[in-house]
Structure formats: structure tokens, C-alpha cells
Amino acid sequence: MTDSAAKPKLILELESIEQWRTEQAQTYDNSLVELAAEEQALREQIAELQQSLEGNADKQRQLDGEMQELPTEVVRRSHQALLDALEADRALVEARSAALQEVRELSMMELQDKLEEPEMAAAIEEYEKFREVEPVLGSLPPSYRQVVMDHHEALKSKLAPLFVLAAGPKEPLDLEPAVAVMVASIDVVDDRPAAFALFLPVDFQVYRAWADRPEDLAAQVAYRVVSGVSQALDTLGAPDAPVVYQDFQGCISIQVWLDDHDLDASVSDTIVASLEQALASAPECGQVKLGFEIAWVDPQVIGPDDEESDDQPASLADGGEDAAADPTDEDDKKFKPVQIVLRRGGSDQW
């Protein structure tokens, strides 16, 4: 007889249950260990995700800050692009001006050599003496008058090459066609054009020292632009609008105060039309194969707030020390285009 057979059934059942309990407890322990390990792994993943969330939040804050600064950065970059373009185009105008001036000077040297030839000098003297007798030609006998006129025509034919040299060279130079940009801006206050500004790729010395410079390409372009602006003001119904000339990064700038006028037309359209008309038929521009276009920019691009320096006058709106005490004073009003649009100093006499 076996031991199990000798044991009562209840004892056997209890032993079986105890064995089952032990096995179940071991199973639970093993599962708890596995779950604890899984929990630790999950917590580590959560920690990593939390770090990722924090990093994501930091990037969002950084991008949000950069997005908030985007308009300012656009203005800064646009301002720098404007300065670079004006500098490059001013160099372009100066280079074409120098090339044209060289041709003109060679023509003048040739003219001077011709004038020093005895035969030509005598012909010029005779040509000038004709002016003395011209008023009395009508009182001379027809036959004598005809002799004088025939001789004068012969002199004119002989001197024709000199007249051509004196007029200067007209042939286009051997240059590649190029386009320079003029920058324009309108300052709008209460939905009305308060000021207009135009920036030329022309050295400010053309304005500052015009009497000491040659009448070269740069000067001729500046004169034509001034003429175009004047014509535009007439068309706008503001012929007496104050005009101020300033040094803007070494270039000429023209600012016009318009706030006191009821304008008859669009400022931008009128300016473009007047300047195109003034420059389209300019022989000197055609001779050097140089065209001009107008680029319109916001006033902020001209003079960003963070670009102001200590040596530049503050605007009247800022209440700077350079602002006039009486805002209705005519001299104060005269400089408003500069203070509003450019915030630059300079002379207003040309």
C-alpha cells in the first residue's frame, strides 16, 4: 500500500492546493517582476518623451519669436538690399559717366586742335565777322548781298566738322546695355500721401559741388530727374510743394512735402510717367546704353528705426532735440519729408 493511498483524501487535496498556491505565487511574482520592468521601461520612455515635448516646446517658442521678428528682419534685409543696390548702381553710373566723359574730352581736344589750325582760325574769324554785316545785308544791292551769302554758306560748309565736334560725340559707346534703379517711397498718413521721396544712384557731390564738377552723365541724369519731379508736382496740383535735397548714403535723395496739398492724381503713377518722359529721350543715356527703373518701397525700408544713429536728427514725431519748438513754423514744415521718411540731415539749397 502506497503513502498516498494511506493518506486521507482531504489531506491530499490540501497538499494539492498548497502546491497550486506555491506555483501561482511564483507565477504572480514572475509577472510582477516583468510588469515592474515594463513599468520602468515605460517610465524611461515617458521621460524621453517629456524631454522631447520640452524640446518641441522650446523650438515652438523659438520659431514663434523668429516669426514675430520676421517683419523686422524683412525690413532690415530690404534696407540693406536697397543700400547695396544704390551703391552698385551709383558705381555703374559713375563708370558710364567716366567712359562718356573720356569720349567727350577726346572730341574737345580734337576740336581744339582744329581751332588752332591757321586756315580754320581764319575761317572762324570770317564767320564771326558775318554777324557784324548781317544786320545791314538788306540794304546792300541784291548781287552783292548774294555774294556775301554764298561766301557765308561756303564758310559754314567748311566749318561744319567743327560744329559737329563742338556739339560733342553722339555715337553709342561700345558698352553692354544696363539698367540702374531709382528707389521711391510714399509716406501715407491718414490715407493721404504726406511725403514723397526719391533716391538716385547719383553721387551727392553732383548736388553739393555742382559748380565745381563737369556737366557729365551723372549731372545730366540728376537735372533730368529734378525736371521730371517738377513736372510731376505740376500735374499733381502741388507746384509749390517744399522740395528738400539730402545726402543718403552718398547718393542724392529728393523729398517732397505733400500734406498741405489736395492732389489731383496718383502720386506714384504721376512720378513714374514724368520720370519716364524726362529720361526716355535723354541722348546721353542712350549713348551709354543705360536705362532707369523705379523700385517702390515702404518708408520703413528707407530708414528703419534701428538704423538711426546719434548723428541723425530725430523725427518730429519722436520729439527729438532737433525738432522745432513750433510745429507750425514754415522752416519746420519744410523739413518734414526728411524727418518723416528719411530722418537724415543735409542741405536743402540747389
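Residues numbered from 1 in each chain as written. Predicted model: local features only at pLDDT ≥ 70, side-chain atom pairs only at ≥ 80, totals over all residues. Heavy atoms only, no water.

Trainee: Is there a simple way to explain the overall build of the protein in this structure?
Mentor: Scanning the protein from N- to C-terminus turns up 11 helices and 5 strands. Out of the 350 residues in the protein, the part that is buried amounts to 33%. Of the roughly 21,600 Å² that the protein leaves accessible, carbon and sulfur atoms contribute 53%. (Helix = DSSP H or I, 4+ residues; strand = E, 2+ residues; numbered from the N terminus. Buried < 20%, exposed > 50% of the residue type's maximum accessible area, 1.4 Å probe, protein only. Areas by Shrake-Rupley, 256 points an atom, 1.4 Å probe, with all protein chains shown as cover.)

Trainee: Even after reading the chapter, I still don't get a nonpolar patch on the surface, so can you show me in this structure?
Mentor: The grouping of Leu10, Leu14, Ile17 and Trp20 at the surface amounts to a nonpolar patch, some 460 Å² of accessible area in total. Tracing the backbone through its elements, the reader meets Ile17 in helix 2 (residues 9–115). Using a relative accessible area of 47% as the deciding quantity, one classes Ile17 as partly exposed. (Patch = residues over 30% accessible without salt bridge, like charges linked within 9 Å, V, L, I, M, F, W, Y side chains within 5 Å. Salt bridge = Lys/Arg side-chain N within 4 Å of Asp/Glu carboxyl O.)

Trainee: Help me understand the side chain of His261, please; the structure alone is not making it clear to me.
Mentor: Within the secondary structure, His261 is located in the loop between strand 4 (251–257) and helix 7 (267–280). His261 sits in the buried class, given a relative accessible area of 13%. The residues touching His261, leaving out its near neighbours within four places in the chain, are Arg192, Gly237, Ala238, Asp240 and Ala241. (Contact = heavy atoms within 4.5 Å.)

Trainee: Would you mind showing me how to read the sheet that holds strand 4 here?
Mentor: In sheet architecture, strand pairing relies on hydrogen bonds along the backbone and comes in two forms, parallel and antiparallel. With mixed pairing, the 5 strands of this open sheet are ordered in space as 3-4-2-1-5. The sheet is open, and its two edges are formed by strand 3 (243–248) and strand 5 (290–296), each paired on a single side. Pairwise comparison of adjacent strand axes, ignoring direction, gives a mean angle of 25° for this sheet. One ladder, built from 6 bridges, connects strand 3 with strand 4; its direction is antiparallel. Looking across to strand 4, one finds that Gln246 is bridged to Ser253. Of the strands in this sheet, strand 1 (178–189), strand 2 (192–203), strand 3, strand 4 and strand 5 touch helix 6 (residues 217–236), which is tilted by about 165° from strand 2. Its contacts with the sheet place helix 7 against strand 1, strand 2 and strand 5, and it is angled at close to 170° to strand 5. (Pairing = 2+ DSSP bridges. Axes fitted to C-alpha atoms, helices over the stretch in contact; angles between N-to-C directions.)

Trainee: What's the story with the environment of Ser185 in this structure? I'm lost.
Mentor: With respect to the helices and strands, the residue Ser185 is situated in strand 1. Excluding residues that lie within four positions of it along the chain, Ser185 makes contacts with Ala195, Phe196, Ala197, Trp296, Val297, Asp298, Pro299 and Ile302. There is a polar contact of 3.0 Å between the side chain of Ser185 and the backbone oxygen of Val297. (Polar contact = N/O pair within 3.5 Å; in protein donor to acceptor, adjacent residues only side chain to side chain.)

Trainee: I keep staring at the pattern of salt bridges and nothing clicks. Help me out?
Mentor: Side chains bearing opposite charge may pair, as long as their charged atoms lie close to each other. In this structure the tally under the stated criterion is 10 salt bridges. Arg77 is paired through a salt bridge with Glu73; the nearest N and O atoms lie 2.8 Å apart. Separated by 4 residues within a single helix, Arg77 and Glu73 lie in helix 2, roughly one turn from each other. Classification of Glu73 as partly exposed rests on a relative accessible area of 26%. Within this structure, Glu73, Arg76 and Arg77 form a network of salt bridges that share partners.

Trainee: Just checking my understanding: could you explain the nonpolar core for this structure?
Mentor: The nonpolar side chains of a soluble globular protein tend to be buried, and buried together. Ranked by size, the top nonpolar core spans 42 residues in total, and within it Met182, Phe196, Leu198, Val225, Ile252, Leu290 and Phe292 carry the most contacts. When residues of this core are assigned to their parent elements, the largest contribution, 10 residues, is made by helix 6. Apart from residues lying up to four places away in sequence, Met182 is in contact with Leu198, Phe199, Leu200, Pro201, Val221, Val225, Leu275, Leu279, Phe292, Glu293, Ile294 and Ala295. Counting 10 residues, the second-largest nonpolar core is a separate cluster that includes Leu83, Val183, Cys251 and Val301. (Core = buried A, V, L, I, M, F, W, Y, C linked by side-chain atoms within 4.5 Å.)

Trainee: Where do I start with the packing of aromatic side chains in this structure?
Mentor: One pass over the structure, following the stated rule, counts 4 aromatic pairs. Measuring from centroid to centroid gives 6.3 Å for Phe196 and Trp296, while their planes differ by 50°, and the two rings are tilted. With Phe196 in strand 2 and Trp296 in strand 5, the pair connects residues that are 100 residues apart, well separated along the chain. Phe196 gets classed as buried once you look at its relative accessible area, which sits at 2%. Trp296 gets classed as partly exposed once you look at its relative accessible area, which sits at 34%. Seen from their ring centres, Phe204 and Tyr207 are 5.1 Å apart, and the 45° between their planes marks the pair as tilted. Taking the relative accessible area as the measure of exposure, Tyr207 reaches 4% and is therefore buried. (Phe/Tyr/Trp six-rings, centres within 6.5 Å; stacked < 30°, edge-to-face > 60°.)

Trainee: Sorry, what's going on with the environment of Ala273 here?
Mentor: By the secondary structure assignment, Ala273 is in helix 7. C-alpha separation for the pair Ala273 and Gly228, spaced 45 residues apart in sequence, amounts to 8.7 Å.

Trainee: Could you clarify how one ought to interpret the packing of helix 6 against helix 7 in this entry?
Mentor: The packing of two helices is summarised by the inter-axis angle and the distance between the axes. Contact geometry of helix 6 with helix 7 gives a least axis separation of 8 Å together with a crossing angle of 140°. Here helix 6 lies oblique to helix 7, going by the angle between them. Helix 6 and helix 7 meet at a crossing whose hand is right-handed. Note on element contacts: helix 7 touches helix 6 through Val267, Thr270, Ile271, Ser274, Leu275, Ala278 and Leu279, opposite Arg224, Val225, Gly228, Val229, Gln231, Ala232, Thr235 and Leu236. Partitioned by chemical class, the residues of the contact of helix 6 with helix 7 number 9 nonpolar, 5 polar and 1 charged. (Parallel < 35°, antiparallel > 145°, perpendicular 65-115°, else oblique. Left-handed = near helix turned anticlockwise from the far one by under 90°. Nonpolar A, V, L, I, M, F, W, Y, C, P; charged D, E, K, R; others polar.)

Trainee: When you look at helix 7 in this model, what are you seeing that I'm missing?
Mentor: Over its 14 residues, helix 7 runs 20 Å from end to end, which matches the ideal 20 Å to within 8%, given 1.5 Å per residue. Tucked into the core, helix 7 has its buried residues touching strand 1, strand 2, helix 6 and strand 5. (Expected span 1.5 Å × (residues − 1).)

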